[in-house]
Amino acid sequence: MVAKKPQSKRIKASHRYKIIKRVKEHHRKEKKIAKKNPKSNKPKKDPGIPNSWPFKEELLNEIERAKQEAEAEKAKQKLARQEEKAKQKLKEQKQQQKIKQQHQQQQPKQQPKQPRQPRQPKQPKQPKEVKE
């Protein structure tokens with residue numbers, strides 16, 4: 001059996017524009033429906049702590065303390081990461097220096113170049129003799 005050639009993906013321009021038009025219309029309808037039903041879009045708010053709650057002040061203080069502790073912990077972790085990065089960078093620099101030193105030791109030292117000899121001035125050209 002002979003294998004069939006795959007069908008070309010070319011389509012008429014009018015067909016392509018129809019598809020784009022339908023998609024655009026669909027999105028428009030979706031937006032319209034979403035505007036009519038705003039409750040489904042909004043996230044619910046945290047009602048917080050009611051005033052009638054006993055020991056409300058203590059609870060608020062506890063929440064605030066927890067936030068501050070979390071911030072302090074986050075700052076500690078950030079500082080630890082920065083120190084770790086600095087150590088890693090120093091380690092890499094030392095390794096690169098070692099490699100450079102080894103490379104320099106392996107290559108024979110080149111003798112310094114001698115200064116160039118000054119050029120000799122060019123001889124002026126003698127005019128050609130004209131034959132008559």
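Refer to the structure presented above.
Residues numbered from 1 in each chain as written. Predicted model: local features only at pLDDT ≥ 70, side-chain atom pairs only at ≥ 80, totals over all residues. Heavy atoms only, no water.

Peer 1: Would you mind showing me how to read the overall build of the protein here?
Peer 2: Within the protein, the secondary structure is distributed over two helices and zero strands. If you line up the protein on its principal axes, its C-alpha atoms span 120 × 65 × 55 Å. The burial tally for the protein puts 1% of its 132 residues in the buried class. On the protein, roughly 16100 Å² of surface is accessible, and the fraction owed to carbon and sulfur atoms is 53%. Looking at the protein, you have 42 positive and 15 negative side-chain charges, and the mean spots of the two groups are 17 Å apart. (Helix = DSSP H or I, 4+ residues; strand = E, 2+ residues; numbered from the N terminus. Buried < 20%, exposed > 50% of the residue type's maximum accessible area, 1.4 Å probe, protein only. Areas by Shrake-Rupley, 256 points an atom, 1.4 Å probe, with all protein chains shown as cover. Lys, Arg positive; Asp, Glu negative; His and termini not counted. Charge placed at Lys NZ, Arg CZ, Asp CG, Glu CD.)

Peer 1: Before we go on, may I ask you to explain the environment of Leu 59 in this structure?
Peer 2: Summarising the element assignment, Leu 59 is placed in helix α2 (residues 56–106). C-alpha separation for the pair Leu 59 and Ile 49, spaced ten residues apart in sequence, amounts to 8.8 Å.

Peer 1: Help me understand the pattern of salt bridges in this model?
Peer 2: Here the idea is simple: oppositely charged side chains can pair when their charged atoms come close. If you walk through the whole model with that rule in mind, you get one salt bridge. Between Arg 28 and Glu 25 there is a salt bridge, with the nearest N and O atoms lying 3.3 Å from each other. Of this pair, Arg 28 and Glu 25 both sit in helix α1 (residues 13–36), three residues apart, which is roughly one turn of the helix. Judged by relative accessible area, Arg 28 falls into the exposed class, the value being 56%. (Salt bridge = Lys/Arg side-chain N within 4 Å of Asp/Glu carboxyl O.)

Peer 1: Teacher, can you tell me more about α1 here?
Peer 2: Residues spaced three or four apart along an α-helix point in a common direction, a consequence of the helix completing one turn every 3.6 residues. With 24 residues, α1 extends 35 Å between its outermost C-alpha atoms, agreeing within 8% with the 34 Å of an ideal straight helix rising 1.5 Å per residue. Where burial is concerned, little of α1 is hidden: zero out of the 24 residues are buried. (Expected span 1.5 Å × (residues − 1).)

Peer 1: Is there a simple way to explain the packing of aromatic side chains in this structure?
Peer 2: To describe a pair of aromatic rings, one takes the distance between the centres and the angle between the planes. Throughout the structure, instances matching the rule amount to zero aromatic pairs. Here the guanidinium or amino end of Arg 16 rests over the ring plane of Tyr 17, the centre of that ring lying 6.0 Å away. (Phe/Tyr/Trp six-rings, centres within 6.5 Å; stacked < 30°, edge-to-face > 60°. Lys NZ or Arg CZ within 6 Å of the ring centre and 35° of its normal.)

Peer 1: What is the right way to look at a nonpolar patch on the surface in this model?
Peer 2: A grouping of Ile 11, Ile 19 and Val 23 is seen on the molecular surface, where their side chains present a nonpolar patch of about 220 Å² in accessible area. Tracing the backbone through its elements, the reader meets Val 23 in helix α1. (Patch = residues over 30% accessible without salt bridge, like charges linked within 9 Å, V, L, I, M, F, W, Y side chains within 5 Å.)

Peer 1: How do you make sense of the environment of Lys 21 when you look at a structure like this?
Peer 2: Relative to the helices and strands, Lys 21 is located in helix α1. Residues Lys 21 and Pro 6 lie 15 residues apart in sequence; the distance between their C-alpha atoms is 28 Å.

Peer 1: What's the story with the environment of Gln 106 in this structure? I'm lost.
Peer 2: The residue Gln 106 is located in helix α2 in this model. Along the sequence, Gln 106 and Glu 57 sit 49 residues apart, while their C-alpha atoms lie 74 Å from each other.

Peer 1: Can you walk me through unusual backbone geometry in this structure?
Peer 2: What is expected of a backbone is that most residues other than glycine have negative phi and most peptide bonds are trans. With phi around 60 degrees, Phe 55 is a residue other than glycine that occupies positive phi space. Position of Phe 55 relative to the elements: it lies in the loop between α1 and α2. We classify Phe 55 as exposed; its relative accessible area is 63%.

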